[in-house]
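Structural characterization, general
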Amino acid sequence: MRTNLAECRRLLADDPAHLLALQHLAAHLRDGGDGMQALRLFRRAHRLHGDRSIFDRQVGATLHVALNQISGLLDPGHFDEAAAQLEWLAEFIPPTGHLARLLATVWLIQGREGDAIAMQQRSGATDLPDSALGVALTALDTHRRHYGVIGTVVIPAYKAADTIVESLDSVRATLAHYRTQAGREDAQVHIVVVDDGSPDDTVDVVRAWGRAHPDQGLALIVNNQNRGAGRARNAGVAAALGPYLWFLDADDRFLEPHFHITAGALDAHPAWDYVRTDMLFDRIDSQVSGAWRDASIRTYPCNLCIRREAHARTGGFPEETPFWPATADDVAYSRALAQMLTGVVIGMKTVFYRMRPGNVLDRLQAEMVSGRAPGEGAEVDARFMAIEILIRRRLYALAVGPAAAEKGGADTAIALITLANERTKAGDLAAAHGLLRQAVGIVPAHAVAWFELGMAAYRLSRRAEAKSAFARAAGLRPDLSAAWVNLGLLLLEDGDASAALPHLRQAVERAPANANARFLLGRALRRLGQAGGAAASLQQALTLAPAQADYLAEWSGLLLDQGDAAAALAAADRAAALSPGLYDAHAARAAALEVAGRGPDALAAWDRAIACNPGYGEGFTRRALLLLTEQLGPPPRPRQGADRNDRRLALTRLGSNGRFGNQLLQYGVARLYAEQHGLTLETPLWVGRHLFDLDDPLPGPALPRLSEAEADLPSGLRPGADARAAGHDIDGYFCGQTALLAPHADRFRQFFTGSGLWRQRMEQVAGRLRDAGDSIVALHLRRGDFGWGPFWIAPESWYLDWLADLWPRLNRPALYIATDDPASLAAFAAYRPLTATDLGLPPLPGVGFLDDFQALCAADILAISNSTFSFTASLLNRPATSFHRPHLDRNRLMTFDPWLSPVLL
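Residues numbered from 1 in each chain as written. Predicted model: local features only at pLDDT ≥ 70, side-chain atom pairs only at ≥ 80, totals over all residues. Heavy atoms only, no water.

**A few points about the sheet that holds strand β17 (residues 892-895)**
- If you walk across this open sheet you meet the 5 strands as β14-β13-β15-β16-β17, and the pairing is mixed. In this open sheet, the two edge strands, each paired with only one partner strand, are β14 (813-819) and β17. Averaged over all pairs of adjacent strands, the angle between strand axes in this sheet comes to 20°, irrespective of strand direction.
- Sheet topology note: the strand β13 (residues 775-781)/β14 ladder contains 7 bridges and is parallel. (Pairing = 2+ DSSP bridges. Helix = DSSP H or I, 4+ residues; strand = E, 2+ residues; numbered from the N terminus. Axes fitted to C-alpha atoms, helices over the stretch in contact; angles between N-to-C directions.)

Here is the structure:
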């Protein structure tokens, strides 16, 4: 009867040599799955009792448990531990069967192929050709036979359809000679042909040759542009196999001894990196001067055989612009060989250098037979002097080694960053950006250069590039907290708090004392509805910087979210006092005043906010909603939303992204997409609900955000397009091409022209205009918040020139001008222009722009600004016979089709 486990352990504690306890404990461990520990105990017991037959029976009953236990180490990748345990077993258990197979398998995984093959003989797997071990060993052997070549011939080819077959045939003949002379009937070479954008049939000729010789390894690389022989050779080397490299031009050929002489020499002299041979110069061979022959032998790539690892040490053929196309790249490469490597010249002619019209030998034949040394009497050429400088630069970098070259690159990057900062201070942002692009091109791993490039791109409103640059900087230097902060900030500005969150957490982790990182983290958490985390982060930010106005404004918003309007107003008041020009401070005050029921004060606060940032849509929307609700009452009650996320489409930034005209674009495109795919569009409160009687559901639970580029809603309007934007919150302005909207023009207009308020006001505006004339010409002159980036201002002279040509051809014309700058009307005084004031209609508080917009919609001839306000009016305009817009390149107004044009130029 077996002693129980606890008793075994007690007995062994009193007497470690208790034989019966050792064996019973081992049996317990074996039954519990610990075969390795059981074998250790059985082995200790064997040393005490000395009976081999008992031990062998115990091993036989336990080994499979131990091997299963060791097999469990393989999936998690603990191969060294598995090998150590198996090798310990093999010390006292003759490795046969499963033990031998498992040990051979682990050795094979470790790369100990010889040991695995030897062990395979004992495992019995030789009788099982389809066993895993046998298949794996056969696969490795097959791979070696397929890829175990003596080397690769790299052939750059350009317009070589009439010569390359002869070159390829020469490789086969040379290989056949090598096989005979070296006694290696199975020897192989690999061929890589790099077609360098040939305009002839070179590619087809090479393919046909490859199909005709299936026993010859051949790779074909095809460039779609001519990049030069040096670049082509580098591409070929990247695809090379075997230890040796040969180069052959597509109009030359190897003579039969070439492989045997060159590879044999390197085989026999391991200290040599390369060998060169002499060449046969076609029909002028006997006339070539000694100086030219010597120079050619030292620089011509086709007489060279080089070890592949030695070639790598030279950096390959230079690819800089002065060396392309095919100018001195072989000279630069050869000088690197001579300076860095060890090689010899074998005075046997093994390469035939063909002369054909226009090739190098043809162009230089007069010099080569003249008796003059190469270069003697040649004129100084700045390009060739530049090449010489670059060759010496290359040789210097190779001589000093990669560490010194890397330091030189870093010094260069620092110098360029310094220069870029000087250009930034001087206001030349484009030049600074160019210098920083150059810096990251020279040192792609320089984190500070990427960070500065991100700053430069941000200053130029190149937001996508800025985000990419900050991400590169943070990836290269995770401790660079400012890169994480800026990346998070840009994503927050894009309205994507969920994407910003991990970057801001990284920033806080890297720099806990960075108040701005904690502030932005709090803002992101607040936007994601995580009030507790937001409060903690904002409080920490305010502890670090208690007088920071934007922190206080955000804190005010959080207090308002939590229902404490009085505390929110106090925080916003302090923020506005600290920074009177801060939009966020006045927006926070306005929001708190709204909740407190102080409507007039809220309106005044929104006016202050709008004055701080006229182009931002939120202030415009909130002020308009207050006034419209006061005059017209609440908008239509929102209808019920979809009950499935994949049936929802959200525009939560509507009302904040852009102002009136752009908001109509956003809504119209998204609504068309939603209807096309059977989705329910969700929108926040915006002026369209009042003006157009829209009852879309309010935004439900947060959906993943998509930028307009990712969503590509216009493409989704094509027949048969999938609904890839379904279930997402779309963020964008939709100022691209309108052609995809054109088939839906009538429906787009119906969204905005069907309400009673719109129709009634439109009839009044159109009637007043008709009273003024028979041909209504309307202009939009956007000025106030314009004049930057894509929102450039066209001069009044363009409109005046256009009017001077148009006016005489019209019947009783009347001019209407919609503008935010009354001073601009003076230039048009001769036309006695009408404005919204002249229409004499009672104002609509909050949407004072509506009469201007509807006048643009009612005009017979419309000339717009580069503005979404008037462009959207052109989309809704039905009566107009022609549309005109300023064109920056033409310096005048040009006709356009609103349904076949980009929204902004």
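Here the narrative resumes, following the displayed structure.
**Considering the pairing of strand β4 (residues 244-247)**
- Side chains of β4 alternate between two faces, with Y244 and W246 and L245 and F247 buried alike.
- Across 3 bridges, β4 lies against strand β7 (residues 304-307) in antiparallel orientation. Bridge pairing links L245 to I306 in β7. (Buried < 20%, exposed > 50% of the residue type's maximum accessible area, 1.4 Å probe, protein only.)

**Observations regarding the side chain of D731**
- Within the secondary structure layout, D731 lies in strand β12 (residues 728-731).
- A polar contact is formed between the side chain of D731 and the side chain of N657, at a distance of 2.6 Å. (Polar contact = N/O pair within 3.5 Å; in protein donor to acceptor, adjacent residues only side chain to side chain.)

**Brief notes about the packing of aromatic side chains**
- According to the stated counting rule, one finds 32 aromatic pairs in the structure shown.
- When the ring of F853 is compared with that of F869, the centres are 5.2 Å apart and the planes differ by 70°; the resulting orientation is edge-to-face. Of this pair, F853 sits in helix α37 (residues 850-858) while F869 sits in helix α38 (residues 868-876); the two residues are 16 residues apart in sequence, bridging distant segments of the chain. For the pair F853 and F869, a shared accessibility class is recorded, and that class is buried. (Phe/Tyr/Trp six-rings, centres within 6.5 Å; stacked < 30°, edge-to-face > 60°.)

**Focus on the nonpolar core**
- Grouped together as the largest cluster of nonpolar side chains are 76 residues, with contacts concentrated most on L492, L504, Y551 and W555.
- Other than its neighbours up to four places away in sequence, L492 contacts A497, A500, L504, L520, R523, A524 and R527. (Core = buried A, V, L, I, M, F, W, Y, C linked by side-chain atoms within 4.5 Å. Contact = heavy atoms within 4.5 Å.)

**Structural notes on the sheet that holds strand β8 (residues 343-352)**
- Strand order across the open sheet formed by 8 strands is β3-β2-β1-β4-β7-β6-β8-β5, with mixed pairing between neighbours. This sheet does not close on itself; its edge strands, each paired only once, are β3 (218-223) and β5 (253-254).
- Summarising the sheet, strand β2 (residues 189-196) and β3 pair through 6 bridges and their orientation is parallel. Each residue of the ladder has a partner; that of V192, found in β3, is A219.

**Regarding the packing of helix α24 (residues 531-544) against helix α25 (residues 549-561)**
- The geometry of α24 relative to α25 is characterised by a closest axis approach of 10 Å and an angle of 150° between their N-to-C directions. As summarised for this structure, α24 and α25 are arranged roughly antiparallel, according to the angle between their axes. Here the hand of the crossing between α24 and α25 comes out left-handed. Along the contact surface, α24 presents A531, A534, A535, L538, Q539, A541 and L542, while α25 presents Y551, L552, E554, W555 and L558.
- Classifying every residue of the contact of α24 with α25 gives 10 nonpolar, 1 polar and 1 charged. (Parallel < 35°, antiparallel > 145°, perpendicular 65-115°, else oblique. Left-handed = near helix turned anticlockwise from the far one by under 90°. Nonpolar A, V, L, I, M, F, W, Y, C, P; charged D, E, K, R; others polar.)

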